[in-house]
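Architecture at a glance
Listed below, chain by chain, are the residues.
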Amino acid sequence: MRFRLSGAELDTASLRDAMRHPGSGGFCSFEGWVRDSNEGREVDGLSYEAYAELAEAEGERILQEALARYGVTDARCVHRTGDLDVGGLAVWVGVSAAHRDEAFRACRYIIDEIKHRLPIWKKEHYVTGESDWVACTHVYREHEHELHHHHHAPHMAAPFVPDYSRQVRLREVGEAGQARLAASRVLVIGAGGLGCPVISYLAGAGVGTLGIVDGDRLDASNLHRQTLYDARDVGEPKAMLAAHRVAALNPSVQVRTWLDPLHAGNAVEVFGQFDLVIECTDDMRSRYLSSDAAVLSGTPLVLASVYQYEGQLQVIEPGAPCLRCLWPHEPAPEAVGSCVLSGVLGPVPGVLGAMQAMEALKILLDLPRPRDPALSLVNLLDLAITRLPIDAKQGCALQGGCRAMAQQALGRAQEEADIDLVFDSLEDAIEAGFQLVDLREAGEIAAEPLGITASRQIPATQILAHAAELAQGRQLLVCASGRRSAHAARLLRAEGLDGVHSLAGGLLALRVEG
Amino acid sequence: MTVVHLQYYAQLREQAGRSGEQLATSAANVRQLYEELCARHDFTLAAEALKVAVNAQFCGWDHPLRDGDTIVFIPPVAGG
């Protein structure tokens with residue numbers, strides 16, 4: 001095998017030595033390293049996850065292509081998986097050849113194709129403690145811009161050129177509409193029953209950038225309705241699988257993936273990177289989060305959901321009534337049903353997903369459409385669509401408006417989500433870069449010492465007076481039960497100290513666990 | 001008695017065992033009607049969890065009933 005995945009550190013000296021051949025007059029290598037920032041965010045490490053079987057087959061294919069295309073003597077590549085620190089060697093490409101020109105070109109070809117085609121995903125760990133999955137795909141490939149270098153491989157197919165003639169022919173679309181689609185960025189949340197048709201149609205239509213969010217792995221029970229996938233894919237992360245399908249369907253589409261669900265802390269920022277969002281999850285919390293993030297970021301949102309033989313569709317353009325205008329509060333899980341508990345026939349999310357894709361294209365292309373906001377009920381047993389107009393003066397408007405409602409909900413969720421942190425031990429917290437602040441009274445500390453040195457001891461009641469000392473770095477507030485620390489953390493957050501957290505359950509929880 | 005047309009969606013359709021029915025009721029408004037239906041079909045969802053529409057327009061729970069009204073109770077659904 002010329003291509004290999006490695007969970008362990010790479011030894012470049014031995015990799016290089018293996019490239020020596022009597023016929024080779026030169027050797028060229030490329031090393032990809034982990035750098036300390038990406039798109040303006042500070043990064044302190046990466047994790048790589050690969051769809052191993054597919055990555056190995058595709059990697060091997062790329063190296064064979066490079067050999068054929070450039071006539072080099074040897075070409076090899078190793079890609080890391082697992083955790084890497086800043087400066088770590090993530091990917092190594094080596095080529096040896098009779099002459100330097102083809103060695104350079106083949107090396108460039110290999111790394112470009114690896115980044116474009118391999119189902120390998122990286123999770124960036126930010127200095128702020130968050131992390132995000134980022135697809136290792138990009139669209140620019142140097143060899144597509146090479147002239148007259150096909151003589152080594154006359155059998156190679158010409159690069160794929162998308163043909164949008166069937167939709168460009170539509171008077172309302174035309175070349176201008178196609179250019180609009182190519183410049184559009186659409187985020188699809190959920191790559192399941194609804195997401196599959198959405199992703200297929202938008203990729204096929206030539207939407208320039210598709211973001212795909214899905215935290216789940218493919219289950220065999222998904223296959224009756226999730227048409228992007230096949231039996232070999234079971235067990236793999238859906239966002240990765242979907243991204244790979246998009247690359248196969250339309251290589252000109254740039255794909256970004258999130259392998260964790262969005263949360264209150266990043267949803268508005270992520271929405272802000274897209275022109276339109278399509279909510280396709282089966283998760284009520286995600287639907288409310290999407291509605292709130294759409295309102296606050298001013299991003300159009302297409303919502304749909306299904307139940308057995310029917311579905312609901314709602315388009316929220318900026319300023320229009322949101323999900324909370326209909327149902328102000330997230331209902332209890334038992335009230336809403338799910339595909340798991342209630343069952344669903346495959347074509348039902350297929351139809352609703354296709355309708356979502358249609359609504360998305362209508363907005364992106366600014367096609368004629370009803371401008372009054374509505375909830376559409378689609379009953380596929382009766383073949384009936386009921387369109388219920390939504391009165392913007394009711395709903396959120398009676399409670400301060402969609403923005404205020406969204407801000408409140410998001411604020412609450414955010415506090416709940418990231419203030420309380422769970423650790424197995426205080427040593428783990430220190431290792432993760434936290435400074436410990438013991439909020440207990442002197443008597444409590446004497447009776448039950450931490451067993452580890454806290455950076456500070458500040459009684460909970462005096463915490464605000466010490467806010468200035470806690471403004472730098474990440475602070476983990478600790479008390480007996482987690483109640484005082486959670487409250488103190490909220491007080492400090494209100495003062496703008498974003499790096500303050502509370503040990504969930506307090507020292508009690510550590511003792512129970514330990 | 002007022003004669004109304006009812007349409008059921010999602011869990012309500014499942015619990016009622018039909019997607020609609022015609023009903024003669026003594027209920028004066030949609031809230032009373034829903035209470036009557038809860039008893040009739042063992043609906044488990046509270047009215048607060050639902051949206052209600054009369055003649056294809058969303059309305060409040062005190063909306064009065066008239067002969068021939070078409071009434072739709074809509075729970076939020078989350079499947080995908």
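For the structure itself, look to the data block above.
Now for a quick tour of the structure. Here the structure is a predicted model, which means the values were calculated and not measured.

Attention shifts here to a negative patch on the surface. Judged by side-chain charge, A:D36, A:E42, A:D44, A:D83 and A:D85 come together as a negatively charged surface patch. Classification of A:D44 as partly exposed rests on a relative accessible area of 40%.

Within a sheet, neighbouring strands are paired by backbone hydrogen bonds and run either parallel or antiparallel to one another. Residue and element names in this part refer to chain A. Read across the open sheet, the eight strands follow the order β12-β11-β10-β13-β14-β15-β16-β17; overall the sheet is mixed. Sheet topology places β12 (254-258) and β17 (384-389) at the edges, where each strand pairs with a single neighbour. In this sheet, adjacent strand axes meet at a mean angle of 15 degrees when their direction is disregarded. One ladder, built from five bridges, connects strand β11 (residues 209-213) with β12; its direction is parallel.

Turning to the interface of chain A and chain B, a few remarks are in order. Every contact between the two is made by 35 residues of chain A and, on the other side, 23 residues of chain B. Surface buried jointly by chain A and chain B totals about 2,400 Å² across both partners, of which 58% is contributed by carbon and sulfur atoms. Looking only at chain A, the three residues that lose the most surface to chain B are A:Y307, A:E310 and A:W327, adding up to 24% of its buried area. At the boundary of chain A with chain B, the tally comes to one salt bridge.

Here we take up the side chain of A:S184. With respect to the secondary-structure elements, A:S184 resides in the loop between α5 (174-182) and β10 (185-189). A polar contact is formed between the side chain of A:S184 and the backbone oxygen of A:R180, at a distance of 2.6 Å.

Here the focus is the nonpolar core. All names here are of chain A. By size, the foremost hydrophobic cluster in this structure holds 47 residues, and its most contacted members are V186, I199, L202, L210 and I278. When residues of this core are traced back to their parent elements, those giving at least two are β10, α6 (195-205), β11, α7 (238-249), β13 (276-279), β14 (301-307) and α13 (347-364). Looking at this core, the element that brings in the most residues is α13, giving seven residues. Filtering out sequence-adjacent residues up to four positions away, I278 remains in contact with V186, L187, V188, I189, V198, L202, L301, V302, Q356 and A360.

Turning to unusual backbone geometry, a few remarks are in order. The phi torsion at A:L383 lies on the positive side, around 55 degrees, for a residue other than glycine. Within the fold, A:L383 resides in the loop between β16 (374-379) and β17. Accessibility expressed as a relative area gives 73% for A:L383, which makes it exposed. In this model, B:A56 sits at a positive phi of 65 degrees, which is unusual for a non-glycine residue. Within the secondary structure, B:A56 sits in the loop between β3 (51-54) and β4 (57-59).

The next subject is helix α3 (residues 100-117) of chain A. In this model, α3(A) (18 residues) spans 25 Å end to end at C-alpha, consistent with the 26 Å of a helix rising 1.5 Å per residue. Within α3(A), the full set of buried residues consists of A:E102, A:A103, A:A106, A:C107, A:Y109, A:I110, A:I111, A:D112, A:E113, A:I114, A:H116 and A:R117.

Residues and elements named next belong to chain A. Pairing is parallel across the open sheet formed by five strands, whose spatial order is β18-β22-β21-β19-β20. The open sheet has two edge strands with one neighbour each: β18 (420-421) and β20 (456-457). Two strands pair when backbone bridges link them, and strand β21 (residues 474-478) and strand β22 (residues 500-503) are joined in this way by three bridges, in the parallel orientation. Within the sheet, the bridge partner assigned to L477 lies in β22 and is S502. Sitting on the sheet, helix α17 (residues 483-494) is in contact with β18, β21 and β22, with an inclination near 170 degrees to β22.

Scoring rules and cut-offs
- Residues numbered from 1 in each chain as written.
- Chains lettered and ligands numbered in written order.
- Predicted model: local features only at pLDDT ≥ 70, side-chain atom pairs only at ≥ 80, totals over all residues.
- Heavy atoms only, no water.
- Patch = residues over 30% accessible without salt bridge, like charges linked within 9 Å, V, L, I, M, F, W, Y side chains within 5 Å.
- Areas by Shrake-Rupley, 256 points an atom, 1.4 Å probe, with all protein chains shown as cover.
- Salt bridge = Lys/Arg side-chain N within 4 Å of Asp/Glu carboxyl O.
- Lys, Arg positive; Asp, Glu negative; His and termini not counted.
- Charge placed at Lys NZ, Arg CZ, Asp CG, Glu CD.
- Buried < 20%, exposed > 50% of the residue type's maximum accessible area, 1.4 Å probe, protein only.
- Pairing = 2+ DSSP bridges.
- Helix = DSSP H or I, 4+ residues; strand = E, 2+ residues; numbered from the N terminus.
- Axes fitted to C-alpha atoms, helices over the stretch in contact; angles between N-to-C directions.
- Contact = heavy atoms within 4.5 Å.
- Buried area = accessible area lost by both parts, 1.4 Å probe.
- Polar contact = N/O pair within 3.5 Å; in protein donor to acceptor, adjacent residues only side chain to side chain.
- Core = buried A, V, L, I, M, F, W, Y, C linked by side-chain atoms within 4.5 Å.
- Expected span 1.5 Å × (residues − 1).

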